[in-house]
Amino acid sequence: MGVADALAVFRLEFRRYLRWRPLRRWLFGWTLLCVLLAASVPALVAQGEAFPLLRAWRQMVLGLLYVSPTWVGFSSAILLTQRIAWDEARRGELPDLYLTALSPFAIALGKVAACWALTGILMAAAAPASALTALLMGVPLGRWLSALAIGWVMHFWVCAAVYRLQWRTVPPMEAVHLYPLRLNSASAVVAGLGIVAFSLCLQVFAVSPIPATLPIVHLLPWNAMLHADGFYPTPVGQVSAWAFLSLVSLLGGLVFIAAGAQWLGGWSLWGYRFQRIVGGALLIATATLCFATIAPQSVFHPRSGERLFFWGLFVCLLVGVLLTRYVLGYYGTPRGHDDSTPTGGMVREWVLFGTLAILTAWVIQASSGVALNGARLAALGFYLGGWLYLVQQVLAGIATTRIETQHSAGSASTRQRVVAEIRLLQDDLGCLAHFMWLAVLILSPGLRSLFYYPLLITPLGGFLSLDFPAWAYWVYGLYTALLGVALVARRKQASTQATG
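Quick caveat: nothing in here was measured; it's all calculated off a predicted structure.

1. A word on the pairing of strand E2 (residues 237–240)
Moving on, step 1. Examined bridge by bridge, strand E1 (residues 231–234) and E2 share 4 bridges and lie antiparallel to one another. Bridge pairing in E2 places Tyr232 opposite Val239.
Moving on, step 2. Following E1, the chain reverses through 2 residues before pairing antiparallel with E2.

The following block contains the structure:
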């Protein structure tokens with residue numbers, strides 16, 4: 001990938017959209033709104049001294065105005081990235097850039113960088129109200145500038161993630177570009193506002209202060225702006241939040257860009273290596289740092305440490321299943337390589353999961369100072385590993401069916417092929433929702449007591465209680481893995497009968 005090519009794409013897209021009339025309207029609208037907000041801040045502070053109810057909510061309202069530039073940047077990043085990634089005015093035709101000799105990586109990096117720069121301009125238009133709020137709250141100018149800078153830096157991974165999700169979820173079976181998987185602008189804004197509301201509830205109304213201190217929550221730009229000057233405790237010393245979040249955003253954004261470029265025709269070996277190594281390292285670092293933050297506040301005896309290890313690793317497993325397929329490139333095959341079986345991707349996923357399990361156990365024990373039972377942790381990890389193997393086989397069977405359907409489609413229309421491609425993502429999300437529903441079913445006390453004995457004889461029995469002996473989890477893990485083996489045998493038998 002040439003840096004000069006990426007800079008050329010950046011200059012082209014930045015200049016073109018800087019002269020775009022709707023963007024100028026957005027800029028004028030945000031500037032006018034923030035001027036009105038800046039004028040209302042002193043009145044809010046003055047009235048807060050007279051009304052007790054308003055005084056109680058004043059701090060939260062000032063906090064909302066303090067991070068208002070990140071809200072502007074977040075909504076703008078979603079809409080601009082969709083527009084820049086695929087010009088809708090072309091009605092599905094290939095953009096001019098994809099007809100040139102530029103590499104897909106240079107195009108992706110230039111487009112995302114242009115969107116990121118335009119997001120910074122829109123954030124600057126919304127900065128006056130935030131600056132006045134910081135002055136009234138007694139925040140030093142240097143601290144406010146660093147917080148605003150980290151809020152802008154965190155939008156890089158947001159732009160890159162939207163760019164990746166803009167495109168289809170299955171590689172093309174032929175050397176043609178299909179219509180992209182577009183995100184609806186209205187739904188994207190609604191989803192963004194929902195994330196904002198969830199984040200505010202998490203910070204303002206949460207009973208436990210632990211969620212507001214998690215590094216994974218600080219990846220959202222407004223949370224990064226609030227906690228930019230903080231530190232994360234780890235067994236080897238404190239880690240600066242500013243440095244960690246900046247590193248995750250920039251490197252994580254490059255991973256998303258590489259993933260998007262691969263699906264647009266890159267298919268290079270170095271790209272997959274970059275995705276797997278850097279993306280896997282960022283996932284492990286973020287997860288272990290979250291465990292290091294939670295452990296001192298929630299682990300006081302071995303049982304609580306085992307619960308944190310098990311449920312935390314379970315959440316990491318659910319997230320990792322999606323990331324390894326759509327972002328980290330674990331199942332990608334570069335050009336010139338013939339890999340008809342997903343064995344390599346499964347092994348890489350096992351290595352990632354095993355490394356994360358070992359580091360998680362060490363971080364929890366080192367951060368909390370509570371000695372944990374290694375035999376029980378190994379049994380719990382083996383049980384979750386059995387579920388990982390089962391999920392791998394289920395998704396491998398779904399992918400095989402979809403690919404065979406596309407091959408047999410032959411002269412099917414583009415719309416039918418796109419529907420078949422989108423169905424794969426729906427199946428994966430449906431599988432994830434199914435497992436989450438099962439987790440809710442198990443965690444609910446009333447439903448758990450009602451279905452306790454029926455679930456006890458199934459592989460889900462290990463989720464019912466963490467007080468079983470260690471050998472029970474070894475048995476449940478083997479039980480779950482055998483179901484995956486049965487799926488493999490059934491798929492091979494069906495393939496043999498089809499070829500025969």
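So much for the structure itself; the text now carries on.
2. With respect to helix H11 (residues 241–263)
Moving on, step 1. The first and last C-alpha atoms of H11 sit 32 Å apart over 23 residues, in line with the 33 Å expected at 1.5 Å per residue.
Moving on, step 2. The element H11 is largely enclosed, with a buried count of 17 among its 23 residues.
Moving on, step 3. Just beyond H11, the residue with positive phi is Gly265, at close to 120 degrees.

3. Some remarks on the nonpolar core
Moving on, step 1. Grouped together as the largest cluster of nonpolar side chains are 113 residues, with contacts concentrated most on Tyr66, Trp144, Leu245, Phe309, Ile364 and Phe463.
Moving on, step 2. A total of 11 residues in this core trace back to one element, the largest contributor, which is helix H12 (residues 269–298).
Moving on, step 3. For Leu245, the residues in contact, after removing those within four places along its chain, are Ile150, Met154, Pro215, His218, Leu219, Ala224 and Tyr232.

4. Re the confidence of the model for the protein
When pLDDT is low, close inspection of the predicted coordinates is not appropriate.
Moving on, step 1. Averaged over all residues, the pLDDT of the protein equals 75, while 68% of them reach at least 70.
Moving on, step 2. Note on residues 88–94: pLDDT is under 50 here. Beyond four places in sequence and across chains, it has 12 contacts.
Moving on, step 3. Here residues 169–182 scores under 50 on pLDDT; set against residues more than four positions off or in separate chains, the count is 43 contacts.

5. Some thoughts on the pattern of salt bridges
Moving on, step 1. The final tally for this structure, using the stated rule, is 7 salt bridges.
Moving on, step 2. Measuring nitrogen to oxygen at the nearest pair gives 2.9 Å for the salt bridge that ties Asp229 to Arg143. Residue Asp229 is found in the loop between helix H10 (221–226) and E1, and its partner Arg143 is found in helix H7 (residues 141–153); the two are separated by 86 residues along the sequence.
Moving on, step 3. Exposure remark for Asp229: the relative accessible area of 41% places this residue in the partly exposed category.
Moving on, step 4. Between Glu349 and Arg325 there is a salt bridge, and its shortest N-O distance comes to 2.9 Å. One end of the pair, Glu349, is in helix H14 (residues 343–368); the other, Arg325, is in helix H13 (residues 302–326), and 24 residues separate them in sequence.
Moving on, step 5. You can call Glu349 buried: its relative accessible area is 4%.

6. So, the packing of helix H5 (residues 104–125) against H11
Geometry of a packed helix pair, given as the angle between the helix axes and the separation of the axes.
Moving on, step 1. Between H5 and H11, the least distance of the axes is 9 Å, while the angle of their chain directions is 135 degrees. With respect to their mutual orientation, H5 and H11 come out oblique. The interaxial crossing formed by H5 with H11 has right-handed handedness. In this structure, H5 uses Pro104, Phe105, Ala108, Leu109, Val112 and Trp116 to contact H11, whose residues at the interface are Leu250, Leu254, Ile257, Ala258, Ala261 and Gln262.
Moving on, step 2. Residues that form the contact of H5 with H11 fall into these classes: 11 nonpolar, 1 polar and no charged.

7. What about the packing of aromatic side chains?
Moving on, step 1. For the structure shown, the criterion picks out 19 aromatic pairs.
Moving on, step 2. Between Phe10 and Phe14 the ring centres are 5.6 Å apart and the planes differ by 20 degrees, which places this aromatic pair in the stacked class. You can see Phe10 and its partner Phe14 sitting in helix H1 (residues 3–18), 4 residues apart, about one turn around the helix.
Moving on, step 3. Residue class for Phe10 comes out partly exposed when judged on its relative accessible area of 24%.
Moving on, step 4. Note on Phe14: relative accessible area 19%, which makes it buried.
Moving on, step 5. An aromatic cluster is defined as three or more aromatic residues linked by ring pairs; in this entry it consists of Phe310, Trp311, Phe314, Tyr383, Trp387, Phe463, Phe468, Tyr473 and Tyr476.

8. Section: the environment of Leu282
Moving on, step 1. By secondary structure assignment, the location of Leu282 is in helix H12.
Moving on, step 2. Residues Leu282 and Val248 lie 34 residues apart in sequence; the distance between their C-alpha atoms is 6.6 Å.

9. Things to note about the packing of H5 against helix H8 (residues 155–165)
Moving on, step 1. Across the interface, H5 lies against H8 with an axial gap of 9 Å and an inter-helix angle of 130 degrees. In terms of orientation, H5 and H8 fall into the oblique class. Pair H5 / H8 crosses with right-handed handedness. On H8, the residues that touch Ala108, Lys111, Val112, Cys115, Trp116, Thr119 and Met123 of H5 are His155, Phe156, Cys159, Ala160 and Tyr163.
Moving on, step 2. Residues of the contact of H5 with H8, tallied by class, amount to 9 nonpolar, 2 polar and 1 charged.

Reading the values: rules and limits
Residues numbered from 1 in each chain as written. Predicted model: local features only at pLDDT ≥ 70, side-chain atom pairs only at ≥ 80, totals over all residues. Heavy atoms only, no water. Pairing = 2+ DSSP bridges. Helix = DSSP H or I, 4+ residues; strand = E, 2+ residues; numbered from the N terminus. Expected span 1.5 Å × (residues − 1). Buried < 20%, exposed > 50% of the residue type's maximum accessible area, 1.4 Å probe, protein only. Core = buried A, V, L, I, M, F, W, Y, C linked by side-chain atoms within 4.5 Å. Contact = heavy atoms within 4.5 Å. pLDDT = per-residue confidence, 0-100. Salt bridge = Lys/Arg side-chain N within 4 Å of Asp/Glu carboxyl O. Axes fitted to C-alpha atoms, helices over the stretch in contact; angles between N-to-C directions. Parallel < 35°, antiparallel > 145°, perpendicular 65-115°, else oblique. Left-handed = near helix turned anticlockwise from the far one by under 90°. Nonpolar A, V, L, I, M, F, W, Y, C, P; charged D, E, K, R; others polar. Phe/Tyr/Trp six-rings, centres within 6.5 Å; stacked < 30°, edge-to-face > 60°.

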